[in-house]
Amino acid sequence: MRQALAELVGAIRGELAELTLSGPRVRQANIAALAVGLALVLALILRLSNPWWAAISAFLCVQASHPQSWQKGGMRIVGTLIGAVVSFALVPWAVYDPLATLLLLFAAGTLAILGALLSPHGYAWQLGGITAMMITLGALDDPTLALSIAFYRTVEIILGTATALLATRLLAPAEAGVTVPPPGWHSLLGPNWHVLSHAMRTGMAVAAVPVVWRQLELPNLSQMAISIGAVMAVPTLTGISDKDQSAITQRMLQRVAGCLLGGVFGAMVLLMPISQFFAPWLLLLMAGTWLAMQIQNGRHGIANIGAQAAIALILTLVQDTGPAASLGPAINRIAGMIGAIGLLLLVNLLLGPPIAAQSAGDGKRG
């Protein structure tokens, strides 16, 4: 762990030392900053309930080219729509039954990761599962809120995604880029059957969120579920326990580091008197996302830190009606993200190594 932390710190220093003002890296950072700013302004004008989701969606959907952005943005919209419709239909029935609620959360978490790792439309599966988790958890205490949560979540995602697509259409290159095809669902019955164990662990951790939340009175249970899904959505699984656990640990560390970087930057902005004025606040937020996008696209392999730093920064600086007035809501949101890491570690500790995985030594001998 100490070595991993040292490598992470070194990578962050390397990225910051290599910040540039020219080339494809800064072009994508410029597009991301513009998209985030525009999405946020539009969300505030429309008085959406959670304007930060529009800004986050804009940041995440800005890719190196317009076709890549369109692919990711399209899957984000489709996945959100399907997750919202399915959860809205099931939540009124499930939330009155604790067992049904746990099963719904388990299914959402499991399918989100299975689809993310196997399907050609993996991002849509991941967003569908995350949306279902959010609506289910948001409506636990009041099922009548399900429709409102589903509606605003969908509108915020579509607005932010559309803003990113407009910005990349106008400013990003048209080259599609090369993508590696996913293994497909059929591989679950063959070489990728170990993915099921990994996905079910995710489902178990997500299902445990409301139980732990009620017992310990932790903040922001929705952020906990989202963080669990994000950490477990590793790009690939090898089926070798040591390698896969190392990849998950790296994602955990990068998520925590990103939360801290974005949160600290946001707190510094809030300490400035000018942050209570709209224009300086917006420009500082855009500057932070510009920096985060450069880190995400650097060559030191810490893309998750850049993405998470942008998310934490947006969650810190944006409240319901505009500039944040205090750090309280941000602390609750970021605490929910970090709390998810602890819950995931606990689930993995209780379950032990994945049943389908091999040890590194066995993999080499085979």
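Calculation criteria
- Residues numbered from 1 in each chain as written.
- Predicted model: local features only at pLDDT ≥ 70, side-chain atom pairs only at ≥ 80, totals over all residues.
- Heavy atoms only, no water.
- Helix = DSSP H or I, 4+ residues; strand = E, 2+ residues; numbered from the N terminus.
- Areas by Shrake-Rupley, 256 points an atom, 1.4 Å probe, with all protein chains shown as cover.
- Salt bridge = Lys/Arg side-chain N within 4 Å of Asp/Glu carboxyl O.
- Buried < 20%, exposed > 50% of the residue type's maximum accessible area, 1.4 Å probe, protein only.
- Core = buried A, V, L, I, M, F, W, Y, C linked by side-chain atoms within 4.5 Å.
- Contact = heavy atoms within 4.5 Å.
- Phe/Tyr/Trp six-rings, centres within 6.5 Å; stacked < 30°, edge-to-face > 60°.
- Lys NZ or Arg CZ within 6 Å of the ring centre and 35° of its normal.
- UniProt positions renumbered as here; feature names shortened; annotations may be inferred.
- Axes fitted to C-alpha atoms, helices over the stretch in contact; angles between N-to-C directions.
- Parallel < 35°, antiparallel > 145°, perpendicular 65-115°, else oblique.
- Left-handed = near helix turned anticlockwise from the far one by under 90°.
- Expected span 1.5 Å × (residues − 1).
- Nonpolar A, V, L, I, M, F, W, Y, C, P; charged D, E, K, R; others polar.

Undergrad: Hey, could you run me through the overall build of the protein chain in this one?
TA: Scanning the protein chain for helices and strands turns up 14 helices and 2 strands. Accessible surface, the protein chain: about 16,600 Å² in total, of which carbon and sulfur atoms supply 69%.

Undergrad: Sorry, what's going on with the pattern of salt bridges here?
TA: Opposite charge on two side chains permits them to pair, given that their charged atoms come into close proximity. The final tally for this structure, using the stated rule, is 2 salt bridges. For Arg25, the salt bridge identified is with Glu15, shortest N-O distance 3.0 Å. Placement of Arg25 in helix H2 (residues 24-45) and of Glu15 in helix H1 (residues 2-17) is noted, with a sequence separation of 10 residues between them. As far as burial versus exposure is concerned, Arg25 and Glu15 are alike and both buried. Between Glu18 and Arg299 there is a salt bridge, with the nearest N and O atoms lying 2.7 Å from each other. Separated by 281 residues along the polypeptide, Glu18 in the loop between H1 and H2 and Arg299 in the loop between helix H11 (278-296) and helix H12 (303-317) bring together distant segments of the chain.

Undergrad: I would appreciate a short explanation of the nonpolar core in the present structure.
TA: Nonpolar side chains tend to gather and get buried jointly when the protein is soluble and globular. Counting residues in hydrophobic clusters, the biggest one holds 54 residues, and the most contacted among them are Leu40, Ile56, Phe59, Trp281, Leu285 and Ile314. For this core, the secondary structure elements donating two or more residues are H2, helix H3 (51-61), helix H6 (122-138), helix H7 (146-171), helix H10 (241-270), H11, H12 and helix H13 (328-351). Here Ile56 is in contact with Ile311, Ile314 and Leu315, once residues within four sequence places are set aside. With 30 residues, the next largest nonpolar core counts Ala100, Leu104, Ile135 and Ile228 among its residues.

Undergrad: Can you help me understand the packing of aromatic side chains in this one?
TA: Each aromatic ring pair is characterised by the separation of its centres together with the angle its planes make. The full count for this structure, using the stated rule, is 3 aromatic pairs. Here the aromatic rings of Phe278 and Trp281 are separated by 5.3 Å at their centres, their planes lie at 50 degrees, and the arrangement is tilted. Residue Phe278 and its partner Trp281 are located together in helix H11, separated by 3 residues, close to a single helical turn. Trp281 gets classed as buried once you look at its relative accessible area, which sits at 0%. We note Lys72 situated over the ring of Tyr123; from NZ or CZ to the ring centre the distance is 4.9 Å. Lying across the ring of Trp53, Arg153 places its NZ or CZ 4.3 Å from the centre.

Undergrad: Looking at this model, I keep getting lost on the UniProt feature "transmembrane region" (unreviewed entry) in the protein chain. Mind explaining?
TA: Under the present numbering, the feature "transmembrane region" (unreviewed entry) in UniProt falls on residues 29-46, 77-96, 102-124, 145-167, 252-272 and 330-351. Secondary structure over residues 29-46 splits into 94% helix and 0% strand, and the C-alpha atoms at its two ends are 26 Å apart.

Undergrad: Explain the environment of Gly37 here, please?
TA: Mapping Gly37 onto the fold places it in helix H2. Taking the C-alpha atoms as reference, Gly37 lies 10.0 Å from Gly160; in sequence the two are 123 residues apart. The residues contacting Gly37, other than those within four sequence positions of it, are Leu282 and Met286.

Undergrad: Would you mind showing me how to read unusual backbone geometry here?
TA: Peptide bonds are mostly trans, and most non-glycine residues show a negative phi. Of note, the phi angle at Arg47 is positive, near 60 degrees, even though the residue is not glycine. Of note, Arg47 is situated in the loop between H2 and H3. With relative accessibility at 71%, the residue Arg47 sits in the exposed group.

Undergrad: Whenever I open this one, the packing of H2 against H3 confuses me. Can you help?
TA: Each pair of packed helices can be described by the angle between their axes along with the distance between the axes. H3 packs onto H2 with a crossing angle of 155 degrees between their chain directions and a minimal axis gap of 8 Å. Accordingly, the angle class assigned to the pair H2 and H3 is roughly antiparallel. The element H2 and its partner H3 pack so that their crossing is right-handed. Here H2 contributes Ala32, Ala35, Val36, Ala39, Leu40, Ala43 and Leu44 to the contact with H3, which in turn contributes Pro51, Ala54, Ala55, Ala58 and Phe59.

Undergrad: Is there a simple way to think about H11 in this case?
TA: What sets the pattern is the α-helix's 3.6 residues per turn: residues three or four places apart point alike. In a regular helix each residue adds 1.5 Å, so 19 residues correspond to 27 Å; H11 covers 27 Å between its end C-alpha atoms and thus fits that length. Every buried residue of H11 is listed here: Trp281, Leu282, Leu285, Met286, Gly288, Thr289, Ala292, Met293, Gln294, Ile295 and Gln296.

Undergrad: Just checking my understanding: could you explain the packing of helix H4 (residues 66-94) against helix H5 (residues 98-118) for this structure?
TA: Following both chains from N to C, one finds H4 and H5 inclined at 155 degrees, their axes separated by 9 Å at the closest point. Considering the angle they form, H4 stands roughly antiparallel to H5. Between H4 and H5, the contacting residues are Leu90, Val91, Trp93 and Ala94 on the first element and Ala100, Thr101 and Leu104 on the second. Of the residues that constitute the contact of H4 with H5, the class distribution is 6 nonpolar, 1 polar and no charged.

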